[in-house]
Amino acid sequence: MAELIDQYGRRLNYLRISVTDRCNFRCTYCMPAEGVPCLSHEEILRYEDIKFLCRVFTELGVVKFRFTGGEPLVRKGLVPFLKELREELPGIKIALTTNASLLGEYAGALAQAKIDSLNISLDTLDPEKFASVTRTGKIEAVLAGIRAAGKAGIKNIKLNTVLVRGFNDHEICELLKFARENGLLLRLIEFMPIEDGIWDKSAYISGEEILSMLPGGGKWEKTFTEHKDADGPAEYYRNEKSGDRIGIITAVSNHFCKNCNRLRISAEGSLRSCLFNPRETALKEIIRMRDPAALREAILRAVSEKPRCWNDVKTGSLHMSGIGG
Ligand code: SAM
Ligand code: SF4
């Protein structure tokens, strides 16, 4: 089988697809209060386009597809689409990243679509702080969504928290307890400098500092076997006393470029070979021609330009909601 291997020998077998640039939240670290200009329906990839794209990427050795956004569940028809994709490509792993606000409605159908894993973003358990960080969100809906996902039997649910100094850095203990009680794996993420106007250096907390802040009394030991996704950027730790587990994603301080296995597709069908590199390859027209050979060629060309490390590229000012995280 063909494989996607870049000039630094990295095997690219994981594709993150943004299915929409729209979102029902306006998280302060992700986009400005007024939101961002949205693409029209004609501009974004249709489900048939995405299916064709997944087929071609599967032939190139991609085994895991994560659907993200904006908020993926605000796009109509996503869950039936995932079900169809699962039936057509039974060998792939399907993952979803969501703010969970609409999970109450969709958790059952997502379980039926046999998604392999679910990442839920939640930064605080305090209703007022939640309303302030999301600007438009209500925590009750998110908590109901998390309960619904557990009840529906969705496996491998992770809770992703962007740790922001002065906002939620004193809440790790509560979040850990919440994760434990709900059978979720908590991961703390370094606040990433995606957009100059949004990133605040003083609010950034490095992974090393996060590790030193972990509660629990006992020692936190690095685990290499449990929960370690071969394709994930997180380092996992286990508290020897409580048995709690936690992941830390150090995308800024100790980036994982050397082992990066991922590519990204934006809602309008452009391939981004590195999260921090604004340079994209537009694929929509080629996808719509339904010419697998031409699409393969364009993908291979884009892959050959994947930077060695994000330090080597000039970060653009694109909001995370447009890239999908
Ligand atoms: N709306 C969905 C959600 O929030 O899960 C999916 C898209 S969102 C862009 C994907 C992830 O990116 C979320 O976990 C969010 O917390 C994270 N994110 C957004 N802006 C970020 C930033 N500046 N630094 C670190 N993570 C960020
Ligand atoms: Fe929307 Fe997710 Fe960005 Fe929050 S982090 S504004 S939920 S896309």
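Residues numbered from 1 in each chain as written. Chains lettered and ligands numbered in written order. Predicted model: local features only at pLDDT ≥ 70, side-chain atom pairs only at ≥ 80, totals over all residues. Heavy atoms only, no water.

1. What about the site of ligand 2?
Near ligand 2 you find Cys23, Phe25, Cys27, Cys30, Met31, Gly70, Asn99 and Ser321, and these make up its full shell. Considered class by class, the residues forming the shell around ligand 2 number five nonpolar, three polar and no charged. (Near = heavy atom within 4 Å. Nonpolar A, V, L, I, M, F, W, Y, C, P; charged D, E, K, R; others polar.)

2. Description of the packing of helix α3 (residues 103–112) against helix α5 (residues 139–152)
One way to put it is that α3 packs onto α5 with a least axis distance of 8 Å and a crossing angle of 20 degrees. Considering their axes alone, α3 and α5 lie roughly parallel with respect to each other. The crossing of α3 and α5 is right-handed. Of the residues in α5, those touching α3 at Leu103, Gly104, Ala107, Gly108 and Ala111 are Gly145, Ala148, Ala149 and Ala152. Here the residues of the contact of α3 with α5 are counted per class, giving six nonpolar, three polar and no charged. (Axes fitted to C-alpha atoms, helices over the stretch in contact; angles between N-to-C directions. Helix = DSSP H or I, 4+ residues; strand = E, 2+ residues; numbered from the N terminus. Parallel < 35°, antiparallel > 145°, perpendicular 65-115°, else oblique. Left-handed = near helix turned anticlockwise from the far one by under 90°. Contact = heavy atoms within 4.5 Å.)

3. Some details on the site of ligand 1
If you check the shell around ligand 1, you find 17 residues, and the closest are Tyr29, Gly70, Ser121, Met192 and Met320. In this structure, an oxygen atom belonging to ligand 1 sits 3.3 Å away from a main-chain N or O atom of Thr98. Interatomic distance of 2.8 Å between a backbone N/O atom of Met192 and a nitrogen atom of ligand 1. Here ligand 1 has 540 Å² of accessible area as a free molecule, and 94% of this is covered by the chains. A per-class count over the shell around ligand 1 returns six nonpolar, nine polar and two charged. (Polar contact = N/O pair within 3.5 Å; in protein donor to acceptor, adjacent residues only side chain to side chain. Areas by Shrake-Rupley, 256 points an atom, 1.4 Å probe, with all protein chains shown as cover.)

4. Considerations on the pattern of salt bridges
Taken as a whole and judged by the stated rule, the model has 18 salt bridges. The salt bridge involving Arg10 is made with Asp6; its shortest N-O contact spans 2.7 Å. Grouping residues by exposure puts Arg10 and Asp6 together as buried. As a salt-bridge pair, Glu235 and Lys222 come within 3.6 Å of each other at their nearest N and O atoms. Of this pair, Glu235 sits in strand β8 (residues 234–239) while Lys222 is found in strand β7 (residues 220–223), placing the two residues 13 residues apart along the sequence. Take Lys222: its relative accessible area is 38%, and that puts it in the partly exposed class. A single network of salt bridges, built from pairs that share partners, joins Glu48, Lys51, Arg55, Glu84 and Glu88. (Salt bridge = Lys/Arg side-chain N within 4 Å of Asp/Glu carboxyl O. Buried < 20%, exposed > 50% of the residue type's maximum accessible area, 1.4 Å probe, protein only.)

5. Observations regarding the sheet that holds strand β3 (residues 93–98)
Strand order in this open sheet of 12 strands is β7-β8-β9-β6-β5-β4-β3-β2-β1-β10-β11-β12, and the pairing throughout is mixed. Since the sheet does not close on itself, it has two edges, and those belong to β7 and β12 (280–282), each with one partner. Averaged over neighbouring strand pairs, the angle between their axes works out to 25 degrees when direction is ignored. For strand β1 (residues 14–18) and strand β2 (residues 64–68), the ladder comprises five bridges, and the chain directions are parallel. Residue pairing across strands places Tyr14 opposite Lys64, the latter belonging to β2. On top of the sheet, helix α1 (residues 47–59) reaches β1, β2, β10 (262–265) and β11 (270–272); it is set at about 150 degrees to β2, its chief contact. (Pairing = 2+ DSSP bridges.)

Note that every value here comes from positions in space, so none of it alone points to a role or purpose.
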